[in-house]
Amino acid sequence: MKLRASTFLSKLIWFTLLLATIPVMVLGAFSYYQASDAVQTKVNESNQQMLKQTESQIEQLLRLIDYSAIQYMNQPVVIDALKGELAGTDGYVQKVKSLLESMSKLQSNELGTMGMELISIAGKWSINDKGLSMLETKAMESYAGWVNDPRTSFWSTSSTGMKLIKKIPAYSPNPSGLLIMSIPIYDVNSLINKDTAMGNVLLLDDQQVVFAGNAANLIGKPLQELAIGNEPIPAAEQGFYTTRSERERVGISYRKSDYNGWMYVSVVSIDELNKESQGIGWFTLYICLGILLLALLISYLGSRKMYKPIRKLYEVVRNSPETVGTEGAIDEFEFINERFRGLMQRESSLLQEVMGQSHQMREYFVFKLFQSDMARTEAQDKLEAFGHPTEWNSMCVMTIQIDTLSNTRFEEQDQDLLLFAINNIVSELITPEQRLPPVVMGDSQVTLLGGAETDPKLFKNLLDIAAHQIMQMIKLYLELKVSIGFSHTFNDIKQIRHAYGESLQALKYRMNLGEESILFIEDVQPEKSMQLSYPDTAERQLLDALKLADREQATDCLHQFITTLAVDERTHEEYFMSFVRLLVQMLQAVKDAGVLPKHLYPDEQTLFIQLFQLKTVSEVERWFLDVVMLPFLIHLEHKLDAQYQSISSQIIHMIETGFDTDLSLEVCARRMNYSPNYLTKVFRKETGVNFSDYLSEYRMKMAKQWLLETDMKISEIAEKLKYNTPANFIRYFRKLEGTTPGQYRDSFLKK
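Residues numbered from 1 in each chain as written. Predicted model: local features only at pLDDT ≥ 70, side-chain atom pairs only at ≥ 80, totals over all residues. Heavy atoms only, no water.

J.: Before we move on, can you summarise the overall build of the protein with the specific residues and values?
T.: Tallying secondary structure elements over the protein gives 26 helices and 16 strands in all. Here the protein, with 751 residues, has 41% of them falling under the buried criterion. Of all intrachain contacts in the protein linking residues separated by at least 6 positions in sequence, the fraction that spans at least 24 positions is 62%. Of the accessible surface of the protein, which amounts to about 42500 Å², a share of 54% is contributed by carbon and sulfur atoms. (Helix = DSSP H or I, 4+ residues; strand = E, 2+ residues; numbered from the N terminus. Buried < 20%, exposed > 50% of the residue type's maximum accessible area, 1.4 Å probe, protein only. Contact = heavy atoms within 4.5 Å. Areas by Shrake-Rupley, 256 points an atom, 1.4 Å probe, with all protein chains shown as cover.)

What follows is the structure, given as structure tokens:
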């Protein structure tokens with residue numbers, strides 16, 4: 001057989017290479033992701049720092065404007081001007097000039113391009129860098145929203161700029177004026193980093209609407225309408241989270257202002273950051289490939305060195321003359337394994353064959369003991385050779401037979417399997433030291449039992465206990481009724497064959513004792529034969545009941561016959577001789593009835609064989625009733641039904657033709673050659689009434705017909721119908737019809 005010598009070597013090389021590759025790949029992937037995560041962390045920290053710096057610069061400007069507004073609104077000239085109307089008052093020009101000068105003083109480079117507007121709600125005028133102007137109703141309505149706002153100072157944003165609104169006085173529920181400080185949006189954007197390489201910076205007001213940032217295309221849009229707005233910004237003061245836009249995955253850093261609730265947001269593309277990490281990934285890949293090449297070289301050299309002893313063992317096994325069963329080997333170890341497995345299987349097969357032969361030889365030895373006269377020395381030698389006990393003082397043959405399979409879950413074809421199951425139960429319950437191997441012989445399970453007891457009574461008690469245990473286990477596990485027969489106790493191994501016959505003979509006495517019996521031959525076998533009487537009377541009554549087709553009476557007579565037989569103590573042969581005699585008498589009764597037995601019993605010759613196969617009295621009684629009597633009774637019933645109908649028809653014809661004569665049942669019986677009692681029984685069975693009642697009813701029918709259809713006198717009718725006197729006829733007619741014959745005729749004529 002040829003096998004690639006490098007099969008296992010290649011597996012070994014690949015295994016060591018894989019063992020080195022997995023850690024390198026895991027380490028490379030870990031290094032790459034760690035580096036990418038570090039870059040992303042640095043960018044996030046940088047964005048947070050940038051947002052913090054942007055927030056600081058913008059809020060510094062906002063706070064400065066807020067401070068300047070507070071200074072301006074608290075000046076006496078402002079408070080005085082807001083008390084009423086300004087135009088048309090004394091020195092209003094000077095007041096306006098003072099207000100404008102105060103506004104110009106607030107302008108500085110730090111505040112940038114800031115616009116101011118002072119509005120008087122009561123006077124309905126406005127002052128800004130363009131001068132004084134009166135406000136119309138429509139303009140006043142535009143300021144109503146700020147006036148009604150519960151806040152005293154707040155910022156309002158738009159796409160063009162921001163406005164600080166201050167109520168004057170600050171904490172009055174009904175302010176007299178508003179101070180509006182305006183900053184153009186480009187002043188705010190100038191404070192935001194213009195470099196978008198690190199992402200976009202956006203400012204969101206308290207309504208989460210973008211009003212400033214370095215992405216002009218996003219100004220004025222709510223957060224929900226942005227490509228990054230799939231997830232709401234968390235409620236934390238600051239933080240970072242990732243989300244997926246329509247095109248890419250982005251990371252969002254945010255800070256929430258404590259001053260005015262605005263949100264400072266930085267949006268960075270995660271995919272762009274990962275591109276920056278590709279250099280690290282390529283470097284890691286090159287390092288891993290170098291390590292893998294080195295691992296390949298080391299694994300190849302090391303595997304070859306470790307493979308040398310395996311190769312030598314493989315060569316030795318392969319060159320052996322027997323290589324059957326190794327054609328499917330896939331490598332050296334599999335080849336060696338199959339070779340050794342084949343050797344082990346052959347060894348196991350030989351061992352099992354030897355053990356099987358030994359078991360068969362033991363069973364053959366036991367069969368031979370039971371069925372032949374084996375020499376004493378040969379039997380002793382075989383017992384010692386097979387390891388069986390040889391020093392028993394008492395021995396006995398136990399035979400177990402199944403009583404019946406009727407009313408069980410088993411069929412007749414299951415009997416062999418059931419006997420082997422019983423054989424196993426006996427093997428389990430009785431130890432090998434107390435028996436030879438149990439065997440199944442025909443329809444019996446047979447075991448040779450032995451013991452060291454010298455007292456026959458003690459040994460018999462032990463046998464009885466064992467028999468009860470066996471019977472109990474069989475009923476528990478198999479739900480079967482069995483009987484157990486025991487031979488006489490003996491101590492000479494030459495008597496085994498005779499003892500086996502005794503155990504079978506003991507079981508035949510179930511005919512008297514019934515099912516589930518434990519039968520010791522010395523207890524059931526009569527000591528001497530005596531002349532026993534045959535129940536002739538019971539037999540004659542049974543045959544008479546059969547001839548009359550009286551099924552109920554025949555069943556009772558059969559039971560009485562068998563009960564009478566069971567009263568006397570008989571041998572098995574005597575029982576069956578009585579049953580054979582009864583069977584012959586029944587077949588003769590069938591012939592006397594004009595029926596050939598073969599018509600009722602197609603297998604007439606097997607009836608006697610079936611009878612001798614029965615084991616108990618109950619089985620015999622059931623067999624006689626179902627197999628022998630029932631077909632005969634059914635045949636007679638059909639035959640008698642036809643005969644009864646013929647007899648009844650003849651009697652009715654005699655009544656209809658001779659009702660006007662001295663007709664009686666005895667006259668009919670003489671004419672038909674039957675006994676009156678028999679005719680009474682038959683006529684009543686077929687018509688449901690007695691002969692005399694039927695005759696009287698028919699005569700009364702004819703009397704009513706003559707009364708209506710003829711002019712016969714009542715006395716003539718009574719005489720013709722054989723009544724002793726007309727008075728008797730009239731009395732009987734009134735009893736049946738409720739009226740006299742004359743009245744019956746008159747009532748019909750009147751109609």
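J.: I'd love a proper account of the confidence of the model for the protein, names of residues and values included.
T.: Averaged over every residue, the pLDDT of the protein is 79; the share at 70 or more is 87%. Counting interchain partners and residues more than four positions distant, the pLDDT-below-50 stretch residues 1–5 has 14 contacts. (pLDDT = per-residue confidence, 0-100.)

J.: With reference to specific residues and values, describe the environment of I298.
T.: Mapping I298 onto the fold places it in helix α7 (residues 278–318). Each C-alpha atom of the pair I298 and T16 lies 8.8 Å from the other, and the pair is 282 residues apart in sequence.

J.: Lay out the nonpolar core in plain terms, naming residues and giving numbers.
T.: F579, M586, L611, F624, F632 and F691 are the most contacted members of the largest nonpolar core, which totals 71 residues. Beyond its immediate sequence surroundings of up to four residues, F579 is in contact with M511, I562, L565, L611, V620 and F624. Within the second largest apolar cluster, 37 residues are counted, among which are I58, A81, L82 and M116. (Core = buried A, V, L, I, M, F, W, Y, C linked by side-chain atoms within 4.5 Å.)

J.: Explain helix α11 (residues 456–477) residue by residue, including any values.
T.: Its 22 residues give α11 an end-to-end C-alpha distance of 31 Å, which sits within 8% of 32 Å, the value for a rise of 1.5 Å per residue. All of the buried residues in α11 are F459, L463, A466, A467, I470, M471 and I474. Buried residues of α11, seen end-on, are gathered within an arc of 140 degrees and therefore sit on one face of the element. Residues of α11 that are exposed and point more than 90 degrees away from the buried face comprise K457, Q472 and L476. Each element contacted by the buried residues of α11 is listed here: β12 (394–404), α10 (415–429), β14 (444–451), β15 (481–486) and β16 (518–520). Residue D455 occupies the N-cap position of α11, its side-chain oxygen lying 3.2 Å from the main-chain nitrogen of K457. (Expected span 1.5 Å × (residues − 1). Arc of directions from axis to C-beta. Polar contact = N/O pair within 3.5 Å; in protein donor to acceptor, adjacent residues only side chain to side chain.)

J.: Before we move on, can you summarise a nonpolar patch on the surface with the specific residues and values?
T.: Nonpolar side chains collect at one region of the surface, where W282, L285, Y286 and L289 lie side by side and expose about 440 Å² of accessible area between them. Tracing the chain through its elements places W282 in helix α7. (Patch = residues over 30% accessible without salt bridge, like charges linked within 9 Å, V, L, I, M, F, W, Y side chains within 5 Å. Salt bridge = Lys/Arg side-chain N within 4 Å of Asp/Glu carboxyl O.)

J.: I'd like a rundown of empty space enclosed by the protein, residues and numbers included.
T.: Over the atoms a probe the size of a water molecule is rolled, and this reveals where empty space is left. As enumerated under the stated definition, the model contains one cavity of 30 Å³ or more in all. In this structure, the largest cavity spans a volume of roughly 50 Å³. Forming the boundary of the largest cavity are L369, S372, D373, M374, A379, I493, K494, I496 and R497. Residue composition of the lining of the largest cavity, by class: five nonpolar, one polar and three charged. (1 Å grid on protein atoms, 1.4 Å probe; cavity = no way out; pocket = protein on both sides within 12 Å on 5 of 7 lines; lining within 4 Å. Points joined across faces, edges and corners; volume = space filled by probe spheres on them. Nonpolar A, V, L, I, M, F, W, Y, C, P; charged D, E, K, R; others polar.)

J.: Explain unusual backbone geometry residue by residue, including any values.
T.: Backbone torsion omega between I168 and P169 reads -10 degrees, so that peptide bond is classified as cis. When you line up the elements, P169 lands in the loop between β5 (161–168) and β6 (177–184). Unlike most non-glycine residues, E479 shows phi in positive territory, near 55 degrees. Note that E479 resides in the loop between α11 and β15. One non-glycine residue, K722, lies in the positive phi region at around 70 degrees. With respect to the helices, strands and loops of the structure, K722 is situated in the loop between α24 (714–720) and α25 (726–737).

J.: Run through the sheet that holds strand β8 (residues 210–213), naming residues and quoting values.
T.: On the basis of which strands lie adjacent, the open sheet formed by five strands has the order β8-β7-β11-β10-β9 and antiparallel pairing. In this open sheet, the two edge strands, each paired with only one partner strand, are β8 and β9 (238–244). In this sheet, adjacent strand axes meet at a mean angle of 25 degrees when their direction is disregarded. Pairing between strand β7 (residues 200–204) and β8: three bridges, direction antiparallel. Within the sheet, the bridge partner assigned to L202 lies in β8 and is G213. (Pairing = 2+ DSSP bridges. Axes fitted to C-alpha atoms, helices over the stretch in contact; angles between N-to-C directions.)

J.: Hey, could you go over the sheet that holds β5 for me, with residue numbers and the actual values?
T.: Here six strands make up an open sheet; going across it, the order is β3-β2-β1-β6-β5-β4 and the pairing antiparallel. In this open sheet, the two strands that pair with only one neighbour each are β3 (131–134) and β4 (153–157). When strand polarity is set aside, the average angle formed by the axes of neighbouring strands in this sheet is 20 degrees. Strand direction decides the pairing type here: β5 and β6, joined by eight bridges, are antiparallel. Residue pairing across strands places M162 opposite I183, the latter belonging to β6. Against the sheet, helix α3 (residues 92–106) makes contact with β1 (115–120), β2 (125–128) and β3, and its axis sits at roughly 40 degrees relative to β2, the strand it touches most.

J.: Tell me about the pattern of salt bridges, and please be specific about residues and values.
T.: Pairs may arise between side chains of opposite charge once their charged atoms sit close together. Enumeration over the complete set of coordinates arrives at 14 salt bridges. Between D536 and R581 there is a salt bridge; the shortest N-O distance is 3.0 Å. Pair noted here: D536 is in helix α15 (residues 536–547) and R581 is in helix α17 (residues 572–592), with a separation of 45 residues, a long-range link. With relative accessibility at 36%, the residue D536 sits in the partly exposed group. Each of K368, E378 and K382 takes part in a single network of salt bridges with overlapping partners.

J.: Tell me what's going on with the packing of helix α23 (residues 691–709) against α25, and back it up with residues and numbers.
T.: Between α23 and α25, whose axes approach to 12 Å, the crossing angle comes to 95 degrees. In terms of orientation, α23 lies roughly perpendicular with respect to α25. Taking contact as the criterion, the partners of S696, M700, A703, K704 and L707 in α23 are, on α25, F729, Y732, F733, L736 and E737. Residues that form the contact of α23 with α25 fall into these classes: seven nonpolar, one polar and two charged. (Parallel < 35°, antiparallel > 145°, perpendicular 65-115°, else oblique.)

J.: Just give me the short version of the layout of surface pockets, but keep the residues and values in it.
T.: For the second largest pocket, the calculated volume is near 450 Å³. Lining of the second largest pocket is provided by 17 residues; of these, T404, E412, Q613, L614 and E619 occupy positions nearest its centre. When contributions to the lining of the second largest pocket are tallied by element, the ones reaching two or more residues are β12 and α20 (617–658). Considering each element in turn, the lining of the second largest pocket owes the most residues, five residues, to α20. Its residues assigned to classes, the lining of the second largest pocket shows five nonpolar, five polar and seven charged.

J.: Before we move on, could you go through the packing of aromatic side chains and cite the residues and values that matter?
T.: Taken as a whole and judged by the stated rule, the model has 14 aromatic pairs. With centroids separated by 5.6 Å and ring planes inclined at 45 degrees, the aromatic side chains of F370 and Y500 adopt a geometry described as tilted. Of the two residues, F370 is situated in helix α8 (residues 332–371) and Y500 in helix α12 (residues 496–507); the sequence distance between them amounts to 130 residues. Of the two residues, F370 and Y500, neither departs from the other in class, the shared state being buried. Judged by centre distance (5.2 Å) and plane angle (75 degrees), the rings of W623 and F624 are edge-to-face. (Phe/Tyr/Trp six-rings, centres within 6.5 Å; stacked < 30°, edge-to-face > 60°.)

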